[in-house]
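As a plain string of letters, each chain reads:
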Amino acid sequence: MDIAKASGMICLRVPHDTIEGRRVQKVWTVASTTNTILELGDRLVCQGVERVVIEATGSYWRPFFYLLEARGLDCWLVNARDVKNVPGRPKTDKLDAVWLARLAEHGMNRASFVPRSR
């Protein structure tokens, strides 16, 4: 997910139904409201998603991170500097979301520390 102030660009990559080794990719935008984020969490859980990789500027990641985590998803906040440092790659929210999903698929993301309140 690439999160902005008012929305998040989501990229879901799941195994193809009939072709082994292939992926089906869906990209869409979700508003940054509690209800739509909770609906997103339900959709991801129904798809069998276990880990969500989130990249955001500032603190816009917080509602997505905490609400999706409450739905039982393993949320990773990643540093934009670590995942976007690729020369010649165009910059759009959609391309960033796809890039994050592909990196996650290959285990090339590193989660940032997110402190838990007691």
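Just above, that's the structure.
Calculation rules
Residues numbered from 1 in each chain as written. Predicted model: local features only at pLDDT ≥ 70, side-chain atom pairs only at ≥ 80, totals over all residues. Heavy atoms only, no water. Helix = DSSP H or I, 4+ residues; strand = E, 2+ residues; numbered from the N terminus. Buried < 20%, exposed > 50% of the residue type's maximum accessible area, 1.4 Å probe, protein only. Contact = heavy atoms within 4.5 Å. Areas by Shrake-Rupley, 256 points an atom, 1.4 Å probe, with all protein chains shown as cover. Salt bridge = Lys/Arg side-chain N within 4 Å of Asp/Glu carboxyl O. Arc of directions from axis to C-beta. Pairing = 2+ DSSP bridges. Axes fitted to C-alpha atoms, helices over the stretch in contact; angles between N-to-C directions.

A. Representation of the overall build of the protein chain. Scanning the protein chain from terminus to terminus reveals four helices and five strands. Listed N to C, the secondary structure of the protein chain is β-β-β-α-β-α-β-α-α in terms of helices and strands. For the protein chain, the proportion of its 118 residues judged to be buried stands at 32%. Across the protein chain, the fraction of contacts at a sequence separation of at least 24, relative to all contacts at a separation of at least 6, is 58%. Approximately 7,500 Å² of the protein chain is accessible, and the part contributed by carbon and sulfur atoms is 50%.

B. Expanded view of the pattern of salt bridges. Scanning the entire structure with this criterion turns up two salt bridges. For Asp42, the salt bridge identified is with Arg71, shortest N-O distance 2.7 Å. A residue pair is termed long-range when its members are at least 10 positions apart, and Asp42 in helix α1 (residues 34–46) and Arg71 in the loop between α2 (61–70) and β5 (74–77) qualify at 29 residues. Exposure remark for Asp42: the relative accessible area of 35% places this residue in the partly exposed category. Between Arg51 and Asp74 there is a salt bridge; the shortest N-O distance is 3.1 Å. With a gap of 23 residues between them, Arg51 in strand β4 (residues 51–56) and Asp74 in strand β5 connect regions that are remote in the sequence.

C. Spotlight on α2. Of the positions making up α2, those classed as buried are Trp61, Phe64, Phe65 and Leu68. The arc enclosing the buried residues of α2, seen along the axis, measures out at 95°, which places them on a common side. In this structure, the buried residues of α2 make contact with β1 (2–3), β2 (7–15), β3 (23–31), α1, β4 and β5. Just downstream of α2, Gly72 is the residue with a positive phi angle, here 95°.

D. Up close: the pairing of β2. Sheet topology note: the β1/β2 ladder contains two bridges and is antiparallel. Looking at the pairing, Asp2 lines up with Met9 of β2. Where β2 meets β3, nine bridges bridge the pair, whose relative direction is antiparallel. Residue pairing across strands places Pro15 opposite Arg23, the latter belonging to β3.

E. Highlighting the sheet that holds β3. Read across the sheet, five strands follow the order β3-β2-β1-β4-β5 without closing on themselves; strand pairing throughout is mixed. Each edge of the open sheet is held by one strand with a lone partner, namely β3 and β5. In this sheet, β5 lies alongside β4 in parallel orientation, the contact comprising four bridges. When the sheet's bridge partners are listed, Ile54 is paired in β5 with Leu77. In the packing of α1 onto the sheet, contacts are made with β2, β3 and β4, and the angle to β3 comes to roughly 165°. Sheet strands touched by helix α4 (residues 93–105): β1, β2, β3 and β4. Its angle to β2, the strand with the most contacts, is close to 40°.

These results come straight from atomic positions and should not be treated as a statement about function.
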